[in-house]
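Analysis of the macromolecular model
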Amino acid sequence: MNWGSWSAFWEMGGRAFYVWGAYSMAAVCIVLEVVALTLRRRHARRDLKQRIAAEKP
Amino acid sequence: MGSINWFKYSSPQTFYPLAGKMVPWFVAAAVVLAAVGLYISFFVAPTDATQGEVYRVIFIHVGAAWMSMFIYVVMAFWAAIGLSFNARLSSMMASALAPTGALMTFIALWTGAFWGKPTWGTWWVWDARLTSELILLFLYIGFLSLQAAIDDPRRADKAGAVIALVGVVNVPIIYFSVQWWSTLHQGASVSMTANQHMAVTMLWGMLVMALAFWMYSIAAALTRVRSIILERERNADWVRTLPELQT
């Protein structure tokens, strides 16, 4: 185990800004892509459902 | 060989449900690998003797950088197949990979900057490795904006394929840049020839995280290609009769 305590973990040997700055941007990017993928899929399905419904006699 | 008709899977109609079945498995693999990889990265891998804790950026930096190049090559491959065989699904696959590739490139550049500042004393230098990786980002953005600007999907496919194929020469330049030019960027972290300079647990953390990025990228590209199929094939009978779209 590398860390004596959670606060030591978050401090990252005095490099917290750089380590967490890198990791948090990577996390934000992935979360945003997942949201964008979900919205695109939802939009495509909704659009098709509306078209199908509009064609029904 | 004879029993499987590979051309069957090249039709959007067959690929759409197949991709749908594959996505949850890749998501699960990505989540498990990321959990294990992050645990190794922060709790198993030791503090680096020269860099201290800041080296831990390596665990996301290397995986993202590998994926940024690998996705580009795969994208160019599908674009080329789409262009030469007029295969719709291949071109859709290329379009589905581009945003994820751009994202990986951005993550590689960003994490590189946050690692470079404390170790080199600068966020950015115009050296061969960093500049060629930035060009990769511009190639992805060029591909995406060109396709977005052209209304006819088949023409957009062809135009995108030209950028993808011309740009693919940049990938070996990125990869070998640290050998060809003197650069601030360190050489390959994983090397069969160099004497073992990385702790084994560091290497494992990097590899597991890289695999997590890989599985995530596949899941993202497959999810996106399914949306692209629905958008482009919206007038096809098989789309209209999909069970999931019946209310």
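What follows covers the overall build of chain B. Looking only at helices and strands, one finds eight helices and zero strands in chain B. Ordered by position from the N terminus, the helices and strands of chain B form the series α-α-α-α-α-α-α-α. By its C-alpha atoms, chain B is 65 × 40 × 35 Å across when sized along the principal axes. Considering only contacts in chain B between residues 6 or more positions apart, those separated by 24 or more positions represent 75%. One finds the centroid of the 14 positive side-chain charges in chain B at a distance of 5 Å from the centroid of its 11 negative side-chain charges.

Residue and element names in this part refer to chain B. Relative to each other, helix H2 (residues 58–85) and helix H6 (residues 170–180) sit at 155°, their axes nearing to 10 Å. Our classification of the angle between H2 and H6 gives roughly antiparallel. In this structure, the crossing between H2 and H6 has a hand that is left-handed. Where H2 abuts H6, its residues Met-69, Tyr-72 and Val-73 lie against Val-171, Ile-174 and Tyr-175. In terms of residue class, the contact of H2 with H6 is built from six nonpolar, no polar and no charged.

Glancing now at the packing of helix H4 (residues 128–149) of chain B against helix H5 (residues 153–167) of chain B. Residue and element names in this part refer to chain B. The contact between H4 and H5 brings their axes to 9 Å, and the two run at 170°. In terms of orientation, H4 lies roughly antiparallel with respect to H5. Along its contact with H4, which presents Leu-139, Gly-142, Phe-143, Leu-146 and Gln-147, the element H5 presents Ala-156, Asp-157, Ala-159, Gly-160, Ala-161, Ile-163, Ala-164 and Gly-167. Looking at the contact of H4 with H5 residue by residue, the classes come out as eight nonpolar, four polar and one charged.

Take the pattern of salt bridges next. All names here are of chain B. A complete count under the given rule lists 12 salt bridges over all chains for this structure. Arg-56 is the partner of Glu-53 in a salt bridge, and the nearest nitrogen-oxygen pair spans 2.8 Å. When its relative accessible area of 0% is taken as the criterion, Arg-56 is described as buried.

This part covers the interface of chain B and chain A. Across the boundary between the two partners, chain B contributes 43 residues, which contact 33 residues of chain A. Note on chain B versus chain A: buried area summed over both sides is about 3500 Å², and carbon and sulfur give 66% of it. Contact with chain A buries area across many residues of chain B, yet Phe-42, Phe-43 and Arg-240 of chain B alone supply 19% of it, more than any other trio. The residue Arg-240 of chain B makes a salt bridge to Glu-55 of chain A at a minimum N-O spacing of 2.3 Å. At the junction of chain B with chain A, the criterion picks out 13 residue pairs in polar contact (both at pLDDT 80 or more). Elements represented by at least two residues in the side of chain B that touches chain A include exactly helix H1 (12–44), H2, helix H3 (88–120), helix H7 (200–232) and helix H8 (237–240) of chain B.

With that settled, consider the packing of aromatic side chains. Counted according to the given criterion, the structure contains 28 aromatic pairs over all chains. Residues Phe-9 of chain A and Trp-10 of chain A carry aromatic rings whose centres are separated by 5.0 Å and whose planes lie at 70° to one another, so their mutual orientation is edge-to-face. Exposure remark for Phe-9 of chain A: the relative accessible area of 6% places this residue in the buried category. One aromatic cluster is present, formed by Trp-3, Trp-6, Phe-9, Trp-10, Trp-20 and Tyr-23 of chain A together with Tyr-39, Phe-42 and Phe-43 of chain B through successive ring pairs. Against the face of Tyr-16 of chain B rests Arg-226 of chain B, its NZ or CZ located 4.1 Å from the ring centre.

A few words on unusual backbone geometry. The phi angle at Met-12 of chain A is positive, at roughly 50°, despite the residue not being glycine. Structurally, Met-12 of chain A can be placed in the loop between helix H1 (6–11) and helix H2 (16–55). A positive phi angle is found at Asn-86 of chain B, which is not glycine, with a value near 55°. Summarising the element assignment, Asn-86 of chain B is placed in the loop between H2 and H3.

What counts, and where the lines are drawn
Residues numbered from 1 in each chain as written. Chains lettered and ligands numbered in written order. Predicted model: local features only at pLDDT ≥ 70, side-chain atom pairs only at ≥ 80, totals over all residues. Heavy atoms only, no water. Helix = DSSP H or I, 4+ residues; strand = E, 2+ residues; numbered from the N terminus. Contact = heavy atoms within 4.5 Å. Lys, Arg positive; Asp, Glu negative; His and termini not counted. Charge placed at Lys NZ, Arg CZ, Asp CG, Glu CD. Axes fitted to C-alpha atoms, helices over the stretch in contact; angles between N-to-C directions. Parallel < 35°, antiparallel > 145°, perpendicular 65-115°, else oblique. Left-handed = near helix turned anticlockwise from the far one by under 90°. Nonpolar A, V, L, I, M, F, W, Y, C, P; charged D, E, K, R; others polar. Salt bridge = Lys/Arg side-chain N within 4 Å of Asp/Glu carboxyl O. Buried < 20%, exposed > 50% of the residue type's maximum accessible area, 1.4 Å probe, protein only. Buried area = accessible area lost by both parts, 1.4 Å probe. Polar contact = N/O pair within 3.5 Å; in protein donor to acceptor, adjacent residues only side chain to side chain. Phe/Tyr/Trp six-rings, centres within 6.5 Å; stacked < 30°, edge-to-face > 60°. Lys NZ or Arg CZ within 6 Å of the ring centre and 35° of its normal.

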